[in-house]
Amino acid sequence: MSDKIYNVLFLCTGNSARSIIAEAILNRLGTGKFKAYSAGSQPKGEVHPFALQLLKGLNYDTSFARSKAWDEFAAPGAPQMDFVFTVCDNAAAEACPVWPGQPMTAHWGVPDPAAEGSEAERHFAFAEAYRMLNNRISIFVSLPMPSLDKLALQKRLDEIGRNIPKAG
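Residues numbered from 1 in each chain as written. Predicted model: local features only at pLDDT ≥ 70, side-chain atom pairs only at ≥ 80, totals over all residues. Heavy atoms only, no water.

**Q** Is there a simple way to explain the pattern of salt bridges in this structure?
**A** Oppositely charged side chains can pair when the atoms bearing their charge come close. As enumerated under the stated definition, the model contains seven salt bridges in all. Between Lys 4 and Asp 82 there is a salt bridge, with the nearest N and O atoms lying 3.3 Å from each other. Highlighted residues: Lys 4 in the segment before β1 (6-12) and Asp 82 in the loop between α2 (49-57) and β3 (83-86), separated in sequence by 78 residues. Glu 128 is paired through a salt bridge with Arg 131; the nearest N and O atoms lie 2.5 Å apart. A residue pair is termed a helical-turn pair when its members lie 3 or 4 positions apart in one helix, as Glu 128 and Arg 131 do in helix α4 (residues 119-141) at three residues. Put simply, Lys 155, Arg 156 and Glu 159 are held in one network by salt bridges that share partners. (Salt bridge = Lys/Arg side-chain N within 4 Å of Asp/Glu carboxyl O. Helix = DSSP H or I, 4+ residues; strand = E, 2+ residues; numbered from the N terminus.)

Structure representation (C-alpha cells):
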C-alpha cells in the first residue's frame, strides 16, 4: 500500500488559476506519493498569466499548465482519481461528472485571485491563493493515508477545507 501513487484532481470553473496552482504544488510536494491534475467545468482555454508568473517565480516548471475541461478526466482511459477537490465555490455548486472508482471529495474553496482590483491587488491575491493552497496541500500530503479509514480520512479532508491558516 505504501507504493501506491494517489491521483488527485483539482477542479475550478475556468481552470486558469487556482486549480492550476494546486496541481503544481501537489506535484512538487507529493512527488512519488501523489499525481495531481486540474480541470474546469467551463475552461477558459488559457492559463492566467499571473498564475504562470507566480509559479515561474517560485521555480515551478509550468510546461504542464493548460486549461482543460473536466470531462477529459471522466472519459474512458483517463486516470482513475482517488481524490477530487473543488477549489472555487462555483465549481463546488455545479453538478460534477460521475468519477469512476468513487474518489473521495472535498471542497477547499479559495477566493478568486483574478477578481476585480488593481494589478497590484491581483498579484497579491495570487500570492495569497498560493499560500492558502500550499498550506492545505502540505497538510494533505502529510496525512498517513494507509492508516486512516475512509470516514476518518473524509473528516480530515473536510477539516483541511475549512481551515484557512492566517499569514504570519
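**Q** How should I be thinking about the confidence of the model for the protein chain in this particular structure?
**A** Do not read the predicted coordinates in detail wherever pLDDT is low. In this model, the protein chain carries an average pLDDT of 89, and 90% of its residues clear a pLDDT of 70 or more. Within the protein chain, helix α1 (residues 18-29) carries the highest mean pLDDT (97), whereas helix α3 (residues 89-93) carries the lowest (61). (pLDDT = per-residue confidence, 0-100.)

**Q** How do you make sense of the environment of Arg 136 when you look at a structure like this?
**A** On the secondary structure map, Arg 136 appears in helix α4. In this structure Arg 136 comes out as buried when scored by relative accessible area, which is 1%. Sequence separation between Arg 136 and Ala 22 is 114 residues; the distance between their C-alpha atoms is 9.5 Å. (Buried < 20%, exposed > 50% of the residue type's maximum accessible area, 1.4 Å probe, protein only.)

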